[in-house]
Amino acid sequence: MAEPQLGHAATSNNVVPVDGPGSSKEASSASIGLPLRQAMKQPVAEIKIHDITDKFTRACSALEVGQLVKDEYFTLFESIGALEIMDPKMDSGFLQPGEASEDDYDTLGALLPEELIGIMDQLLCYEMAWHTGYPLSQTLFTSVYIDKLLWPEPKVLEQAQFYRGEITDDKRPGVLLEVLRAYCLALVKCCDFAIARITSRDYFEEEDFCTHTYNRVLFVQVPMNVFQRELDASVERLQDGTEVEINPILRDAIVARLQFRKDFLTALDLDVPIDHLEAHWQPLLDGLTTITTTQQLGKTVPGSFSLKIQRRLASTVPPRPIVELDSADAFSKLKQLITDCKEATRFPSLPPDPIEYQNFLWAFASRTPTPLPYSRSYLANLLFHESSISIPLADMRYLVFPASPILDPTNWTLSPPRNPMLPKPPRLQLAILIDDFIDRAGQPYLEFWTALGQNRCRLRRMLNHVISAWDQLQSDAGVVDEDLKNVIGQMNAEGQVLDYPLTTWVYHKKLWMMEKAVLLGFEQDIYLPDEYAGMYLFLNNVSRKRKDLLLTVKSDFNNRLSQLRSNKSASGLQKAKEVQDGLLYIDSLLAETTATLELGLALGKFYVALLYLDLIPRPKRPFGSEQCRYELRMKNFLNLHPSEVTEFSEFNNHTKPFGPYEKPDTDEVDYTKDKIFKWMANPTFWSGMEEHVRRAKEACSLLRKLGPQAAHAVGVREAWDKEVQSTMASCVALGVAVLGLKLAAGAEGPRGITIEFPTGGQGKRYHEGWVVGKVIKV
Amino acid sequence: MSEQGAELKAEELQYVQYQADKEETYLPAIRQLISRDLSEPYSIYVYRYFLYQWGDLCYMALDSSNALIGVVVCKLEPHRSGTFRGYIAMLAVQEPHRGKGIATKLVCMAIDAMAARDADEIVLETEVTNTASLKLYERLGFLRSKRLHRYYLNGNTAFRLVLHLKPGTALKRPIAVELGIDQPGQYQGYPSASHDPMGP
Ligand SMILES: CC(C)(COP(=O)(O)OP(=O)(O)OC[C@H]1O[C@@H](n2cnc3c(N)ncnc32)[C@H](O)[C@@H]1OP(=O)(O)O)[C@@H](O)C(=O)NCCC(=O)NCCS
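Residues numbered from 1 in each chain as written. Chains lettered and ligands numbered in written order. Predicted model: local features only at pLDDT ≥ 70, side-chain atom pairs only at ≥ 80, totals over all residues. Heavy atoms only, no water.

Let's talk about the overall build of chain B
Piece 1. Broken down by element type, chain B carries 7 helices and 7 strands.
Piece 2. If you list the helices and strands of chain B from N to C, you get α-β-α-α-β-β-β-α-β-α-β-β-α-α.
Piece 3. Across the 200 residues that make up chain B, the buried fraction comes to 58%.
Piece 4. Long-range pairs, those at least 24 residues apart, make up 65% of the contacts in chain B between residues at least 6 apart in sequence.
Piece 5. Counting every atom, chain B has about 8300 Å² of accessible surface; 49% of that belongs to carbon and sulfur. (Helix = DSSP H or I, 4+ residues; strand = E, 2+ residues; numbered from the N terminus. Buried < 20%, exposed > 50% of the residue type's maximum accessible area, 1.4 Å probe, protein only. Contact = heavy atoms within 4.5 Å. Areas by Shrake-Rupley, 256 points an atom, 1.4 Å probe, with all protein chains shown as cover.)

Quick look at the overall build of chain A
Piece 1. Counting its secondary structure elements, chain A contains 25 helices and 2 strands.
Piece 2. Taken along its principal axes, the extent of the C-alpha atoms in chain A is 90 × 80 × 65 Å.
Piece 3. For chain A, restricting intrachain contacts to residue pairs at least 6 apart in sequence, the fraction spanning at least 24 positions comes to 78%.
Piece 4. For chain A, the accessible area works out to roughly 34600 Å², and carbon and sulfur atoms hold 54% of it.

With respect to the packing of aromatic side chains
Piece 1. Summed over all chains, the structure comprises 46 aromatic pairs over all chains.
Piece 2. Seen from their ring centres, A:Tyr105 and A:Tyr145 are 5.7 Å apart, and the 85° between their planes marks the pair as edge-to-face. Of this pair, A:Tyr105 sits in the loop between helix H4 (76–81) and helix H5 (113–131) while A:Tyr145 sits in helix H6 (residues 144–150), and the two are 40 residues apart along the sequence.
Piece 3. For A:Tyr105, a relative accessible area of 22% translates into the label partly exposed.
Piece 4. When its relative accessible area of 1% is taken as the criterion, A:Tyr145 is described as buried.
Piece 5. Seen in terms of ring centroids, A:Tyr398 and A:Tyr585 are 6.1 Å apart; in terms of plane orientation they differ by 65°. Their pairing is edge-to-face. In this pair, A:Tyr398 is assigned in helix H15 (residues 391–400) and A:Tyr585 in helix H20 (residues 570–612), connecting sequence segments 187 residues apart.
Piece 6. According to the relative accessible area criterion, A:Tyr398 is partly exposed, its value standing at 28%.
Piece 7. Of the residues examined, A:Tyr585 reaches a relative accessible area of 7% and is grouped as buried.
Piece 8. Among the aromatic residues, those joined into a cluster by ring pairs are A:Phe347, A:Tyr357, A:Phe360, A:Trp362, A:Phe364, A:Tyr445, A:Phe448, A:Trp449, A:Trp470, A:Trp505 and A:Trp512.
Piece 9. B:Arg144 extends its terminal NZ or CZ atom over the ring of B:Phe159, reaching a point 4.5 Å from the ring centre.
Piece 10. Sitting over the ring of A:Tyr134, B:Arg150 keeps its end group 4.3 Å from the ring centre. (Phe/Tyr/Trp six-rings, centres within 6.5 Å; stacked < 30°, edge-to-face > 60°. Lys NZ or Arg CZ within 6 Å of the ring centre and 35° of its normal.)

Brief notes about the side chain of B:Thr169
Piece 1. Tracing the chain through its elements places B:Thr169 in the loop between strand S7 (158–164) and helix H6 (175–178).
Piece 2. Among residues more than four places away in sequence, those in contact with B:Thr169 are A:Glu631, B:Thr83, B:Asp120, B:Glu121 and B:His164.

Structural notes on the nonpolar core
Piece 1. The biggest cluster of nonpolar side chains holds 303 residues, and the ones touching the most others in it are A:Trp281, A:Tyr607 and B:Ile30.
Piece 2. Considering each element in turn, this core owes the most residues, 20 residues, to H20(A).
Piece 3. Mapping this core onto the domain boundaries places at least three of its residues in each of domain 2 (113–348) and domain 3 (553–778) of chain A. (Core = buried A, V, L, I, M, F, W, Y, C linked by side-chain atoms within 4.5 Å. Domains from an automatic or database assignment.)

A short note on the UniProt feature "domain: NAA35-like N-terminal" (unreviewed entry) in chain A
Piece 1. The sites that carry the UniProt feature "domain: NAA35-like N-terminal" (unreviewed entry) are, in the present numbering, residues 66–225 of chain A.
Piece 2. Between the first and last C-alpha atoms of residues 66–225 of chain A the distance is 62 Å; the span itself is 37% helix and 0% strand. (UniProt positions renumbered as here; feature names shortened; annotations may be inferred.)

Some points on the state of the cysteines
Should the sulfur atoms of two cysteines be covalently bonded, the bond is a disulfide.
Piece 1. One pass over the structure, following the stated rule, counts 0 disulfides over all chains.
Piece 2. For the unlinked cysteine A:Cys191, the closest cysteine sulfur is that of A:Cys190, found at 6.9 Å.
Piece 3. Classification of A:Cys191 by relative accessible area gives buried; the value is 3%.
Piece 4. The thiol sulfur of B:Cys58 is not disulfide-bonded, and the nearest other cysteine sulfur, from B:Cys74, lies at 7.7 Å. (Disulfide = S-S within 2.5 Å.)

Section: the sheet that holds strand S2 (residues 59–62) of chain B
Hydrogen bonding along the main chain pairs the strands of a sheet, whether they run parallel or antiparallel.
Residues and elements named next belong to chain B.
Piece 1. Spatially, S1-S2-S3-S4-S5-S7-S6 is the arrangement adopted by the 7 strands of the open sheet, whose pairing is mixed. The two strands at the open ends of the sheet, each matched to only one other strand, are strand S1 (14–17) and strand S6 (143–148). Ignoring strand direction, the axes of neighbouring strands in this sheet form an average angle of 25°.
Piece 2. Two elements, strand S3 (residues 68–78) and strand S4 (residues 84–93), share 9 bridges in a ladder whose sense is antiparallel. Residue pairing in the sheet places Val71 in a bridge with Ala92 of S4.
Piece 3. The sheet contacts of helix H4 (residues 102–116) involve S1, S2, S3, S4, strand S5 (121–127) and S7, and relative to S3 the element is tilted by about 25°. (Pairing = 2+ DSSP bridges. Axes fitted to C-alpha atoms, helices over the stretch in contact; angles between N-to-C directions.)

Some remarks on helix H21 (residues 626–634) of chain A
Piece 1. Burial within H21(A) is extensive, with 7 of its 9 residues counted as buried.
Piece 2. Those residues of H21(A) that sit buried are A:Cys628, A:Arg629, A:Tyr630, A:Glu631, A:Leu632, A:Arg633 and A:Met634.
Piece 3. Looking at the buried positions of H21(A), the neighbouring elements they touch are helix H19 (532–567) and helix H22 (648–655) of chain A together with S6 and S7 of chain B.

Digging into the pairing of strand S1 (residues 753–756) of chain A
Residues and elements named next belong to chain A.
Piece 1. Covered by surrounding structure in S1 are Ile753 and Ile755 only, the residues Thr754 and Glu756 on the alternate face being uncovered.
Piece 2. For S1 and strand S2 (residues 774–777), the ladder comprises 4 bridges, and the chain directions are antiparallel. Within the sheet, the bridge partner assigned to Ile753 lies in S2 and is Lys777.

A word on the packing of H20(A) against helix H25 (residues 717–744) of chain A
Residue and element names in this part refer to chain A.
Piece 1. Packing of H20 against H25 leaves a shortest axis separation of 11 Å and a crossing angle of 30°. With respect to H25, the element H20 is oriented roughly parallel. Of the two elements, H20 crosses H25, and the hand of that crossing is left-handed. Two secondary-structure elements touch here, H20 through Leu599, Ala602, Leu603, Phe606 and Leu610 and H25 through Thr727, Ser730, Cys731, Leu734, Ala737, Val738 and Leu741.
Piece 2. In terms of residue class, the contact of H20 with H25 is made up of 10 nonpolar, 2 polar and no charged. (Parallel < 35°, antiparallel > 145°, perpendicular 65-115°, else oblique. Left-handed = near helix turned anticlockwise from the far one by under 90°. Nonpolar A, V, L, I, M, F, W, Y, C, P; charged D, E, K, R; others polar.)

Thoughts on unusual backbone geometry
Piece 1. Following A:Trp151, the chain continues into A:Pro152 via a peptide bond in cis, with omega recorded as -5°.
Piece 2. Take A:Pro152: it is sitting in the loop between H6 and helix H7 (175–199).
Piece 3. Across the junction of A:His641 and A:Pro642, the peptide omega takes the value -5°, indicating a cis bond.
Piece 4. We note that A:Asn215 has phi near 65°; this positive angle belongs to a residue other than glycine.
Piece 5. Note that A:Asn215 resides in the loop between H7 and helix H8 (224–240).
Piece 6. Classification of A:Asn215 as partly exposed rests on a relative accessible area of 24%.
Piece 7. Notably, B:Asp118 is not glycine yet its phi reads approximately 75°, a positive angle.

Some thoughts on the UniProt feature "domain: N-acetyltransferase" (unreviewed entry) in chain B
Piece 1. According to UniProt, the positions carrying the feature "domain: N-acetyltransferase" (unreviewed entry) are residues 16–166 of chain B.
Piece 2. With 32% helix and 31% strand, residues 16–166 of chain B has end C-alpha atoms that lie 26 Å from one another.

Overview of the side chain of A:Asn411
Residue and element names in this part refer to chain A.
Piece 1. For Asn411, the position within the fold is in the loop between H15 and helix H16 (426–452).
Piece 2. The class for Asn411 is buried, based on a relative accessible area of 0%.
Piece 3. Aside from chain neighbours lying at most four places away, what touches Asn411 is Pro405, Ile406, Arg427, Leu428, Leu430 and Ala431.

With respect to the environment of A:Pro248
Piece 1. Turning to its location among the elements, A:Pro248 is positioned in helix H9 (residues 248–268).
Piece 2. Spatially, the C-alpha atom of A:Pro248 lies 9.8 Å from that of A:Leu238, the residues being 10 residues apart in sequence.

The following block contains the structure:
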């Protein structure tokens, strides 16, 4: 059993959600224009003290000892937030006999340069621990120095010192302490920027990132250049050398850290202009190298971090351990954050093309290790920044409106007749219908992109919901398609337009998402080995539908092409060229879905065979039924239109083509185990599978040949290439596995082999979504 | 260990339903057993929350001297997704007694009890690395339905496991959605919104 997730339930100032426990993880609202500044949202409550002893004693005397009374509104949520006073594990105010409530660490005590380096680096580790999702109370806010700066709340920045009030001159902090102060101030401002950035986008408080600042105000109002100046002044004082004399090696190490902090702060700045973004991140990578190589110069100062500060941060949560992220981990996380943000800065320079964007988002979400919340918010910010094109419109243009009269720009130039009783000209009607539909598609499209910006687990879950949203959009699209058809009829332009273009576009996107959702399920080890067959066959079904759809689209493209070519006018030929180019995209999509379809089918059949060969463990499962489990698996897809989920009996026909996996050895059934074994011993049994593997490879090769250009993935050329290659490698691996089975098969069943299922997320699979069992000789 | 061996060992134990009037006898032992595997203890109110309302869904394995060897704690109530949902909140067996089928037996009793009370489904969360627990539940018929990033306070990720007891459970929908007032963008029924903030 692990620790219960109850952290912020108890600490947050949020209202307890009406639907009870668990709802505290609601997405933060991203729609409210300004970033939610947590620090500003948490007014310090006025404290009033009442003595309730008498009342309490009186009320208690009415109860038997041990008698329980449960208030109707006492929820699990509250029970989890409850603490037992005087239990040292829960009561953060509890003192052991003789224990002091505060540390006696002297924040004005002189520091050695080595110690300064040690503290700076440790702060950096905690900062990264915070970035990975731990609360400030277990990380940065355990620093005695930071605590002093932030509490009691300074009215002006000058008050943010390692002391409060007046002090005598001999106590005044020396240069190194002043340097540390400048570093800490900038670090705190970095946190402020990070919180503001993350909370301005969709994120999930507990699973991604903790924004709580425990009533500490992270210098929200102080502009960035103030911190930069403090850092600059520190560097100058150190380099000047008249005040302190430090070993140059140590001095340079300290200066490098100050410089890094300044660069980091600058990069995190919320108002940084969108061009030249990349320039901010590269220096950080260089600076980080210096820090890493001089890290051994530092000396830790144990007393400068203390758990006791938690007492004053949040009295309503149990004391929680300081999160120790070791420096190697912390530095690699930091490096990752920098690299990911740097990658994100490429977004604005992508070709203005929704498919390019989509491919970029997908590639970003697929980076390993998975990008931290900050980097994801950073990208989301660029993404939703502004765009000169209508994203959904451009997207559908590529797929279903090749040189189509429906999107003819002149349609948007017509004005309605003066007399509102007169019918609008057909072209104007088209423009209005399309505009309305684009409006309607905006929200589902936004949800789709939002999902792509989430952590990987949530991406899978969110996709399932986005699929439902697109399903509704699809039914609306059907209505608009009818209207379009009528107008096209009035224009006698029937042959120039694909039937049901909007439905086709929505459906295609929906099926694409479904494919990804299933593959993500494999990636996240959601399916057990004996479910592989069914799920890959389901995937095959989905991609088959997508392929059929694309074939219709393709024939429309070809149709359009010959119309335009026969037209022979200059504009006709120009348009023909456009359609010809557009066809490459359709071919690329076709190749992609064909690869999925064929590999899915081959794997499905492979796992069916393994089930009959008893090479996959099948749990007994005394509870529930196969049908219930099938429904549970298909749950997210059950309500879609058109129906994507076959009847259970039909599903069984595919997963159990020879009847139950366990077989009585009598001739009463069509297929005895004997017969199945004999059959499998015949090479022709495997030739079907091999044929699908071959076709999948062929599709991968074609996809590669068409290249990232055709796929609208030039912005992520490398990632795209890698994806295609790893699918290809999965095909090869499956070919090898099938061969292994073929060789081992015999009249008495396979001999001397077992199957190893490579686990996800450990680099053991060529492609995380394609689980190819390995045949191992024993 | 062979199935039979497990049965025999397990038989030396007594499996009993929790009784509210025995709180003083059992609760301290239950707390001790459960909190052994927690870095941060639950308050007594968490235990009482479950035991007061669903004591009959708590089963204990006791040895011949009435010492607590294993325990399972559950709840059962209508869930906003529209199902009547059982939830296994806690499960633990004393270390020296593990691997003998004791937890399996306890969980089976709890499931039977919830099924008898007409539960549609049973859910729970467990750490992705808790092999023993995953194996135990998956052998009984649970499937993984979701992966929950950083579900636990220690930053670990969980699987949500689900067992549907009745056909049609997957088709049940929240009332709001049936009425068509499911707001786009609000992500109703997202895992975050439906998950209990604690895991066994
Ligand atoms: C999980 C727990 C309750 C299991 O109790 P138990 O009485 O040992 O369980 P059972 O004997 O009924 O079954 C456990 C199964 O897991 C297997 N198992 C145990 N440890 C394992 C491991 N490290 N790797 C693989 N399998 C393991 C057992 O062999 C057994 O399977 P088998 O019968 O096929 O051999 C017990 O380990 C425990 O108390 N753990 C700490 C608390 C906890 O994790 N609770 C569950 C959270 S949901």
